[in-house]
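# Working through the structure, step by step
What follows is each chain in one-letter form.
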Amino acid sequence: MTLETYLADLRARQDRVRPADTPREVRYPLGEAVLPAHVEHWSRVAPERPAIVFEGTTWTYADLDDAHRRVAGWLHAQGVGPGDRVALFLGNAPEFLVTFLATLRLGAVHVPVNPMFQPAELAYEVNDSTPSLIVTTTGLAAVVEQTRDRIGDVPLLVVDGPQWTEALAAAPYEPCADDLDALAALNYTGGTTGLPKGCQHTQRHMLYTAASAAGAAAYEEGEGFVSLCYFPIFWIAGEDLGILLPIVLGGTVVLMPRWDATKVLHAVERHRVSIMVGTVENYLELLDHPDAGSTDLGTLVDPQAVSFVRKLTPDVRERWSKLAPGSVLRESAYGMTETHTIDCVPYGFAEGDHDLRSEPVFCGIPVPGTDIAVVSTETGEPLPVGEVGEIIVRSPSVTTGYWNNPEATEAQLRDGWIRTGDNGRFDADGCLHYLGRAKEMIKVKGMSVFPAEIEMLLSQHPAVESVAVVPTDDPETGQRPVAFVTVKEPVTAPELAAWARTNMAGYKVPVVSVVEDFPMTATGKIRKNELADAAAEALGRI
């Protein structure tokens, strides 16, 4: 069977079960236009509509349009132009969205950087992306200064100081770069070999992601769309929820710096939130909150969960339905950074808990315009319905490649398809089921941790000779990385763990065990599978 014949069969199956209120083709609310042009449009037709609500402050579309033009003018005066990278080392805040739009208006490249990064991690991404400017806060600027010996004199724009006031007072930059296919973002993702890779994305990728996701979940345009986002917007999933969907649909984002159950409940009621995404643990906390029963959640038509540690079950869904009648709690989307994350959704399959009772993990059907196939890992040939193989994805939002990494690009991108490294299968309805990652990923409270990254970072310690990182189960975090280390000079496990805490984001910090040597294969590779029992013992000792 050829791939196109295989896809035609899958599409026919999927069309038979596609929810009636969702389109089969992607529809762009304002046509195919760059994101700053969307802001301009909404500022003309609904200037007083809230674009961003953040900690008691509201930015209207008129405010957002004016601010991003002025910051673009300031950046332009600093010499930032088309193709230049602008790194955003920020947490969730309106300044992130303003600078994101200003960067795109100039035709420059948005580089979101994890604000939890410590010096070694930050230095790597800055040196890899070589930004013209780093946008950050006073507090995070201290981390930047600790990397100066490694990154050099990259200038800063500090958003909680006089520089930002100056930027907002700059003359507006009126031209607008309008090439949808120019490089617009480097979204870094981990890998099973080496440090994070910069996924190259364009504004066409961003626009398609928002438009196709909106169609797949039957979202309204305009004031009826209100998302609540406490997921970090440096994450591409947070970018989709907190930036792209609201801007493309002309809706509102209620942006929060972090999870807070009380504030979430009150925000949903006050701002008439229609969509939010949280972990299952978040929803359980809401269900047990003393204010839950007295809070009006009637506008929350599409609450979505991600099952990182705890899983979404029919019992949890039933509890939620009793709290918020008419609101169906569902799993979010299947996807990855390379595809802008929203490739396949289970919207519309909750009747009888079909989605939750199917063989895990039920992902539903592809969003309009996206093709997904399951192929043999040996031959690359499409596999019949029901057979397990590697999931591959083709869509208008697949990365154009990895920044400065042609080898990785060649390995994962083939004829427009991205190899995900995930195992899956299709059922008789053409619905995708995810069956686990083939990659060596560790999930710590939902955050992706890759052994190779920890190994390379920990190897920077002068006393470390070699490192092998494996996962172990942890009832509190889902999993924990455990680093087995051989040393070339005396150093203790607590000393190495302390060093890791100052050089890595907290969720990556491993349990450390200093060993004499590793179990090895005949070809000189570490037998990581033999370290599994020792990893559990190491966790039990802390």
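In short, a report on the structure. (Residues numbered from 1 in each chain as written. Predicted model: local features only at pLDDT ≥ 70, side-chain atom pairs only at ≥ 80, totals over all residues. Heavy atoms only, no water.)

## Here we look at the layout of surface pockets
Within this model, the second largest pocket holds a volume of roughly 750 Å³. Taken together, 23 residues line the second largest pocket, and the ones lying closest to its centre are Tyr 230, Pro 232, Trp 259, Lys 445 and Met 447. Taken together, the residues of the lining of the second largest pocket sort by class into 14 nonpolar, 4 polar and 5 charged. (1 Å grid on protein atoms, 1.4 Å probe; cavity = no way out; pocket = protein on both sides within 12 Å on 5 of 7 lines; lining within 4 Å. Points joined across faces, edges and corners; volume = space filled by probe spheres on them. Nonpolar A, V, L, I, M, F, W, Y, C, P; charged D, E, K, R; others polar.)

## Comments concerning empty space enclosed by the protein
Summed over all chains, the structure comprises 2 cavities of 30 Å³ or more. Space inside the largest cavity adds up to approximately 60 Å³. Lining the largest cavity are Arg 18, Pro 19, Thr 22, Pro 23, Ala 216, Val 345, Tyr 347, Ile 365, Pro 366, Val 367 and Pro 368. What lines the second largest cavity is simply Ala 51, Ile 52, Tyr 61, Leu 64, Leu 97, Gly 242, Ile 243, Pro 246, Ile 247 and Val 253. Per-element accounting of the lining of the second largest cavity gives the leading share, 4 residues, to helix α10 (residues 236-249). For the lining of the second largest cavity, the class distribution of residues is 9 nonpolar, 1 polar and no charged. (Helix = DSSP H or I, 4+ residues; strand = E, 2+ residues; numbered from the N terminus.)

## What about the sheet that holds strand β13 (residues 330-331)?
Across a sheet, paired strands are connected by hydrogen bonds in the backbone, their directions being either parallel or antiparallel. As summarised here, the arrangement of the 7 strands in space is β2-β1-β10-β9-β11-β12-β13, forming an open sheet in which the pairing is mixed. Every interior strand has two partners, whereas the edge strands, β2 (57-60) and β13, have only one. Bridging between strand β9 (residues 226-229) and strand β10 (residues 252-255) involves 4 bridges; their strand directions are parallel. Residue Val 226 lies in a different strand from β10, and its bridge partner there is Thr 252. Contacts from helix α3 (residues 61-77) reach β1 (50-54) and β2 within the one sheet, and its direction differs from that of β2 by about 75 degrees. (Pairing = 2+ DSSP bridges. Contact = heavy atoms within 4.5 Å. Axes fitted to C-alpha atoms, helices over the stretch in contact; angles between N-to-C directions.)

## A look at the nonpolar core
Counting residues in hydrophobic clusters, the biggest one holds 100 residues, and the most contacted among them are Leu 35, Ile 52, Leu 228, Met 276 and Trp 320. If one sorts the elements of this core by residue count, helix α9 (residues 203-216) sits on top with 8 residues. Residues contacting Ile 52, with those up to four places away along its chain left out, are Thr 57, Thr 58, Trp 59, Leu 64, Pro 94, Leu 97, Val 253 and Leu 255. Val 444, Ala 463, Ala 483 and Met 504 belong to the second-largest nonpolar core, a separate cluster that totals 25 residues. (Core = buried A, V, L, I, M, F, W, Y, C linked by side-chain atoms within 4.5 Å. Buried < 20%, exposed > 50% of the residue type's maximum accessible area, 1.4 Å probe, protein only.)

## A closer look at the packing of aromatic side chains
In the structure shown here, the tally under the stated rule is 7 aromatic pairs. Between the aromatic rings of Tyr 283 and Trp 320, the centroid separation amounts to 5.2 Å while the plane-to-plane angle is 90 degrees, which identifies the pairing as edge-to-face. Taken together, the residues Tyr 283 in helix α12 (residues 280-287) and Trp 320 in helix α13 (residues 314-323) connect sequence positions 37 residues apart. Residue Tyr 283 is classed as buried on the basis of its relative accessible area of 1%. Connected via pairs of aromatic rings, a cluster forms that spans Tyr 230, Phe 231, Trp 235 and Trp 259. Seen from the ring of Tyr 402, Lys 197 lies directly overhead, with NZ or CZ sitting 5.1 Å from the centre. (Phe/Tyr/Trp six-rings, centres within 6.5 Å; stacked < 30°, edge-to-face > 60°. Lys NZ or Arg CZ within 6 Å of the ring centre and 35° of its normal.)

## Side note on α9
Along its 14 residues, α9 runs 20 Å from first to last C-alpha, staying within 8% of the 20 Å computed at 1.5 Å per residue. Following α9 by one or two positions, Ala 218 adopts a phi angle in the positive range, close to 55 degrees. (Expected span 1.5 Å × (residues − 1).)

## Concerning helix α5 (residues 119-129)
Among the 11 residues that make up α5, 9 are buried, leaving the element largely enclosed by the rest of the structure. Buried residues of α5: Pro 119, Ala 120, Glu 121, Leu 122, Ala 123, Glu 125, Val 126, Asp 128 and Ser 129, and no others. The positive-phi residue at the C-terminal boundary of α5 is Thr 130, with phi of around 45 degrees.

## So, the pattern of salt bridges
One pass over the structure, following the stated rule, counts 25 salt bridges. Across the pair Glu 174 and Arg 69 runs a salt bridge whose closest N-O atoms are separated by 2.5 Å. With Glu 174 in the loop between α8 (162-168) and β7 (183-189) and Arg 69 in helix α3, the pair connects residues that are 105 residues apart, well separated along the chain. A salt bridge links Arg 319 to Asp 288, with the shortest nitrogen-to-oxygen separation between them at 2.8 Å. Taken together, the residues span a long stretch of sequence, with Arg 319 in helix α13 and Asp 288 in the loop between α12 and β12 (302-306) at a distance of 31 residues. A residue is classified by how much of its surface remains accessible, and Asp 288, at 56% relative accessible area, is exposed. One salt-bridge network, held together by shared partners, links Glu 40, Asp 65, Arg 69, Arg 105 and Glu 174. (Salt bridge = Lys/Arg side-chain N within 4 Å of Asp/Glu carboxyl O.)

## Description of the packing of helix α2 (residues 35-45) against α10
The angle between the axes and the distance between the axes are what describe a pair of packed helices. Packing of α2 against α10 leaves a shortest axis separation of 8 Å and a crossing angle of 50 degrees. The angle between α2 and α10 places the two elements in the oblique class. As α2 runs across α10, the sense of the crossing is left-handed. Contacts from Leu 35, His 38, Val 39 and Trp 42 in α2 reach Leu 244, Ile 247, Val 248 and Leu 249 in α10. (Parallel < 35°, antiparallel > 145°, perpendicular 65-115°, else oblique. Left-handed = near helix turned anticlockwise from the far one by under 90°.)

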